Amino acid sequence: MTATATTPRTGRPGQEPLLSVRDLRVTFRRQGEEPFTAVDGVSFDVRPGQTVGLVGESGCGKSVTSLAIMGLLPARGNTVEGTATYDGTDLLGLPPDQMRDRRGRDIAMIFQDPLSSLNPVIPIGLQVTEVLERHRGMRRRAARPLARDLLDRVGIPDPDRRLTDYPHQLSGGMRQRALIAMALACEPRLLIADEPTTALDVTIQAQILRLLKELVEETGTALVMITHDLGVVAGLCDEVNVLYGGRIVERGERHELFAAPRHPYTSGLLASIPRLDGARGAPLTPIPGSVADNLPWESACAFAPRCSQPVQRCTAETPRLEESAGRALRCFNPVEVTR
Amino acid sequence: MARFIIRRLLQMVVVVFVLSLMLFFWLRSLPGGTVSAILGERATPQTRAALTKALGLDQPVWVQYWRFVERAAHGEFGTSTRVLPGADALDIFLSRLPATIELSFFALLLAVVLAIPLGYLSARRAGSPLDSGLVVTSLVGVAVPVFFLAFLLKYQLAVEHHVFPVSGRQDNLSCTRVTNFFVLDGLLTREYDCSVSALKHLVLPSLALATIPFAVIYRITRASVLEVLGEDYVRTAESKGLTARVIRGRHVLRNALLPVVTTIGLQTGGLLAGAVLTEKVFNWGGIGNALADAFEGRDYAVLQVLILAAAMIYVVINLLVDISYAVIDPRVRTR
């Protein structure tokens, strides 16, 4: 795999977005249950070579967002509204066959749990070559040396032997590397990584993140990073979207967001992670309550019941996402910036 | 692997030993008995005593059992008293085996060919009218007694409307016998009319016999595919943009068929062990017929051979199932 020099793949801010998500709304409907809106009007852009984070707790809609863009939500029981424009085409409006042609070729995805995400009864090699067979029209034998190079590239030692190994014969970190190799096989321009390090040991997490960072820099692939872990965001993302209850509550450039979070939720998330440079024994501050306490967005701020500084308006009115100077914020009573 | 197979074969020896013991005592504790079955109720006590002694049935059961084991060690399993008086019990079993294997094979083929695709389809469209209809059909399939269905099929399609033959394995065509699998024999000797006749005779009994295996295999396939469809690796396969055909065959079915293989194996064992009722209804002349006749006439030697052989077949098929597991599932192979 070589980085083809067709277009300069650097994340210059002025560049046209590669993926432009507008007003994405995903509603699940089950018989006998109230419809549940998991993603509620999410909009964001990803430029070539850029790494964009979608951050939030479990249930905030970040994974559903990625599955909707990939067209991987179950065929029934849900409705997807809005647009996801990739290179001029609305992916959400594509017929399933055409979307199938693009998946794995233009857009690829890396999943959370590497063991369950790999087919247990198929050798690693075939799970890599099948992507090349499908999208490059290669014969399996011709694809094999390429698969070997891919495994080598993602840092799997002894790749020749690993081609014939089965997933259970690999370690957790190697499995995730193998999944990354499969995703990168056709040199996609957009990669979506859904919690790629959550199931791994801390030391392996760091290795995988470094690998992703290197690959993104080398190939100029745009990356959407979905995570609940702000540590991952800090090391990797250019821009960060913080999701709460299916809506974006804050967006900003990584350094600005970390230095001066404005939304109480973002600041709560930051306060709840331990810091190496913090005072020893300094207590962690968790965000009280859980997503179960949410208010409906239609008439309030969903986060209000858990907020550290709610005002009266928060439970009576829907806050809007206000954009200014590259940042966006959905809050009536933002955190004061203290510099 | 070799050690595994040897261990399983040793297990089989234990199974057969325990079963033979139980069988031996149980048969001899049944009311009636060989002598009454042969001579009828009106025989004089003298005749009865003489026959009892001649058959060795006057000895204590322990002694009889020891004799049976001793003879069995030399490959002698006794002579038939009722099914084919005077004939060697093992020969009876061997001569009846092809008929039963042929019937079981076609019944199972029918069941598998229908059950796996329908089970897959059902799972893909879970909750649809098609799925619900198939689930109900499969329930009826298990619930209807096989002999009743066999009678129904025979009456409607053979007796009333002569679509298929009433009973037996073949019309009287003076066919050449090679393997005693009639369909195969016809093909081998190029007497194709013999094969056709055998196939026609096979339709109704296979259909009757296939219902339960079909229902069971269908249900297992459906449940298993449903489970695999929700697995993360299927989503991964979808995310790679693979064609529906590759996802279906390579990623879904291959994993989903693991439990199905076990089920097919167990069902095969059940079929070969004797489709007593179906064979009786269609007068098939296989193991099932022989078993029924032997039981009626208290033909101890034949009963012992048939039941022990059935047990062995069952264990061997289970072993084959386990081996096939290792072939399909690499996780079992390396364990």
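Residues numbered from 1 in each chain as written. Chains lettered and ligands numbered in written order. Predicted model: local features only at pLDDT ≥ 70, side-chain atom pairs only at ≥ 80, totals over all residues.

The name recorded for chain A in an unreviewed UniProt entry is ABC transporter ATP-binding protein, from Phycicoccus endophyticus. Turning to chain A, the UniProt annotation filed under Subcellular location (unreviewed entry) states: "Cell membrane". Here is the UniProt Sequence similarities (unreviewed entry) comment for chain A, exactly as written: "Belongs to the ABC transporter superfamily." (UniProt positions renumbered as here; feature names shortened; annotations may be inferred.)

Is there a simple way to think about the sheet that holds strand 2 (residues 36-46) of chain A in this case?
Backbone-to-backbone hydrogen bonds pair the strands of a sheet. The strands run either parallel or antiparallel. All names here are of chain A. The strand order across the open sheet formed by four strands is 2-1-4-5, and the pairing between neighbours is antiparallel. The open sheet has two edge strands, strand 2 and strand 5 (89-90), and neither has a second partner. Of the strand pairs in this sheet, strand 4 (residues 78-86) and strand 5 are connected by two bridges, and their pairing is antiparallel. Pairing of threonine 85 across the sheet is with aspartate 90, part of strand 5. (Pairing = 2+ DSSP bridges. Helix = DSSP H or I, 4+ residues; strand = E, 2+ residues; numbered from the N terminus.)

What is the right way to look at the nonpolar core in this model?
If you look at the biggest cluster of nonpolar residues, it comprises 90 residues, and the most contacted ones within it are Ala178, Ala181, Ala183, Ala185, Leu190, Ile192 and Met225 of chain A. By residue number, the principal contributor to this core is helix 7 (residues 172-184) of chain A, which donates eight residues. When near neighbours in sequence (up to four residues on either side) are disregarded, alanine 185 of chain A contacts Val128, Val131, Leu132 and Leu150 of chain A. Ranked by size, the runner-up nonpolar core spans 66 residues in total, among them Ile92, Val228, Ile307 and Ala310 of chain B. (Core = buried A, V, L, I, M, F, W, Y, C linked by C-beta atoms within 7 Å. Buried ≥ 20, exposed ≤ 12 C-beta atoms within 10 Å, placed from the backbone. Contact = placed C-beta atoms within 7 Å.)

Looking at this structure, how should I read the UniProt feature "domain: ABC transporter" (unreviewed entry) in chain A?
Feature annotation in UniProt assigns "domain: ABC transporter" (unreviewed entry) to the following positions: residues 21-270 of chain A. End C-alpha atoms of residues 21-270 of chain A are separated by 26 Å, and the span's content is 41% helix alongside 25% strand.

Help me out: how do you make sense of the domain arrangement of chain B in this one?
Often the size quoted for an interface is simply the accessible area lost on bringing the parts together. Residues and elements named next belong to chain B. When the domains of chain B are assigned, the result is domain 1 (2-73) and domain 2 (89-333). A C-alpha centroid distance of 32 Å is found between domain 1 and domain 2. With 14 residues of domain 1 at the contact, the number on the domain 2 side is eleven residues. Broken down by secondary-structure element, the contributors of at least two residues to the side of domain 1 that touches domain 2 are helix 1 (2-28) and helix 2 (34-39). (Domains from an automatic or database assignment.)

Even after reading the chapter, I still don't get the interface of chain A and chain B, so can you show me in this structure?
Contacts between the two partners involve 26 residues from chain A, matched on the other side by 20 residues from chain B. Among the elements of the structure, helix 2 (96-102), strand 6 (107-110), helix 3 (114-117) and helix 4 (124-136) of chain A are those that each provide at least two residues to the side of chain A that touches chain B. The dominant element in the side of chain A that touches chain B, judged by the number of residues it contributes, is helix 4 of chain A, at four residues. Across the side of chain A that touches chain B, the residue classes break down as twelve nonpolar, six polar and eight charged. (Nonpolar A, V, L, I, M, F, W, Y, C, P; charged D, E, K, R; others polar.)

Teacher, can you tell me more about helix 5 (residues 140-153) of chain A here?
Note: α-helices contain 3.6 residues per turn, so residues at a spacing of three or four share the same orientation. Residue and element names in this part refer to chain A. For helix 5, built from 14 residues, the straight-helix expectation of 20 Å at 1.5 Å per residue is met to within 8% by its first-to-last C-alpha distance of 19 Å. Those residues of helix 5 that are buried are in contact with helix 4, helix 6 (159-163) and helix 7. Looking at the residues trailing helix 5, positive phi occurs at glycine 155, about 85°. (Expected span 1.5 Å × (residues − 1).)

Even after reading the chapter, I still don't get the sheet that holds strand 12 (residues 327-329) of chain A, so can you show me in this structure?
Residue and element names in this part refer to chain A. Across the sheet, which stays open at both edges, the eight strands sit in the order 6-7-8-3-9-10-12-11 with mixed pairing between neighbours. The open sheet has two edge strands, strand 6 and strand 11 (322-324), and neither has a second partner. In this sheet, neighbouring strand axes are inclined to one another by 20° on average, regardless of whether the strands run parallel or antiparallel. Pairing between strand 10 (residues 247-253) and strand 12: two bridges, direction antiparallel. Along strand 12, the bridge assignment pairs arginine 251 with alanine 328. Against the sheet, helix 1 (residues 62-70) makes contact with strand 3 (51-55), strand 6, strand 7 (190-194), strand 8 (222-227) and strand 9 (239-244), and its axis sits at roughly 145° relative to strand 7, the strand it touches most. (Axes fitted to C-alpha atoms, helices over the stretch in contact; angles between N-to-C directions.)

Where do I start with the packing of helix 7 (residues 146-160) of chain B against helix 9 (residues 192-229) of chain B in this structure?
Helix packing for two helices is described by the angle between their axes and how far apart those axes are. Residue and element names in this part refer to chain B. Running from N to C, helix 7 and helix 9 cross one another at 150°; their axes reach a closest spacing of 9 Å. Taken together, the axes of helix 7 and helix 9 are roughly antiparallel relative to one another. Remark: the crossing between helix 7 and helix 9 carries right-handed chirality. Note on element contacts: helix 9 touches helix 7 through Leu204, Leu207, Ala208, Leu209, Thr211 and Ile212, opposite Val146, Leu149, Ala150, Leu153, Lys154, Leu157 and Ala158. (Parallel < 35°, antiparallel > 145°, perpendicular 65-115°, else oblique. Left-handed = near helix turned anticlockwise from the far one by under 90°.)

Quick question: what am I supposed to make of the environment of alanine 302 of chain A here?
Residue and element names in this part refer to chain A. In this structure, alanine 302 sits in the loop between helix 11 (264-271) and strand 11. A tally of 26 C-beta atoms within 10 Å means that alanine 302 is categorised as buried. The spatial distance from the C-alpha of alanine 302 to the C-alpha of arginine 210 is 35 Å, given a sequence separation of 92 residues. Apart from the residues lying within four places of it in its own chain, the contact partners of alanine 302 are Tyr244, Gly245, Asn294, Leu295 and Trp297.

Can you walk me through the packing of helix 6 (residues 129-143) of chain B against helix 9 of chain B in this structure?
Residues and elements named next belong to chain B. Across the interface, helix 6 lies against helix 9 with an axial gap of 8 Å and an inter-helix angle of 140°. Considering the angle they form, helix 6 stands oblique to helix 9. The two elements helix 6 and helix 9 cross, and the hand of that crossing is left-handed. Contact residues: Ser138, Gly141 and Val142 in helix 6; Thr211, Ile212, Phe214, Ala215, Tyr218 and Arg219 in helix 9. When grouped by side-chain class, the residues that make up the contact of helix 6 with helix 9 number five nonpolar, three polar and one charged.

So what exactly am I meant to see when it comes to helix 9 of chain B here?
Residues and elements named next belong to chain B. The terminal C-alpha atoms of helix 9 lie 45 Å apart, and with 38 residues this falls more than 12% below the ideal 56 Å at 1.5 Å per residue. Along its length, helix 9 reaches its greatest deviation from straightness, about 40°, at alanine 210, and the proline proline 213 lies no more than four positions downstream. Of all 38 residues in helix 9, 28 are buried, a share of seventy percent or more. (Bend = angle between axes of the 7 residues up to and from the residue.)

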